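Listed here are the chains, written in short residue letters.
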Amino acid sequence: MTELILKSRIPRPKQENRKQIAREKHIAEFKEAIRETEAMVKDIRLNGTKGYQTMDEFLKTL
């Protein structure tokens, strides 16, 4: 025999809290992407493009 348990909807404060957590996670990921990009730009400025591939070079490896 299978028992089905019905629960009420999730209270609004919990929903809002989940949205805030997701938003904060996206913001943190975006900030990390910016930091990585800035580090790559600094490296390219100091060392040139040595060690980096163009898109054409990358596509040839696939």
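Now for a look at the structure at hand. (Residues numbered from 1 in each chain as written. Predicted model: local features only at pLDDT ≥ 70, side-chain atom pairs only at ≥ 80, totals over all residues. Heavy atoms only, no water.)

1. Considerations on the overall build of the protein
Part 1: Within the protein, the regular secondary structure consists of 2 helices and 0 strands.
Part 2: Since a compact globule built from 62 residues should have a radius of gyration of about 11 Å, the 23 Å found for the protein marks it as more spread out than a globular shape.
Part 3: A principal-axis box enclosing the C-alpha atoms of the protein has dimensions of 65 × 30 × 15 Å.
Part 4: Within the span of the protein, comprising 62 residues, buried residues form 0% of the whole.
Part 5: Roughly 6700 Å² of accessible area belongs to the protein as shown, and the carbon and sulfur atoms make up 57% of that amount.
Part 6: Computed over 14 positive and 10 negative side-chain charges, the inter-centroid distance for the protein is 8 Å. (Helix = DSSP H or I, 4+ residues; strand = E, 2+ residues; numbered from the N terminus. Rg over C-alpha atoms; globule rule 2.2 N^0.38 Å. Buried < 20%, exposed > 50% of the residue type's maximum accessible area, 1.4 Å probe, protein only. Areas by Shrake-Rupley, 256 points an atom, 1.4 Å probe, with all protein chains shown as cover. Lys, Arg positive; Asp, Glu negative; His and termini not counted. Charge placed at Lys NZ, Arg CZ, Asp CG, Glu CD.)

2. Quick notes on a nonpolar patch on the surface
Part 1: There is a patch of nonpolar side chains on the surface, built from Met55, Phe58, Leu59 and Leu62 and spanning about 450 Å² of accessible area.
Part 2: Residue placement: Leu62 occurs in the segment after helix 2 (55-60).
Part 3: Accessibility expressed as a relative area gives 73% for Leu62, which makes it exposed. (Patch = residues over 30% accessible without salt bridge, like charges linked within 9 Å, V, L, I, M, F, W, Y side chains within 5 Å. Salt bridge = Lys/Arg side-chain N within 4 Å of Asp/Glu carboxyl O.)

3. What to know about the environment of Thr49
Part 1: Relative to the helices and strands, Thr49 resides in the loop between helix 1 (12-47) and helix 2.
Part 2: Classification of Thr49 by relative accessible area gives exposed; the value is 56%.
Part 3: The spacing of Thr49 and Glu38 is 11 residues in sequence and 15 Å in space, taken between C-alpha atoms.

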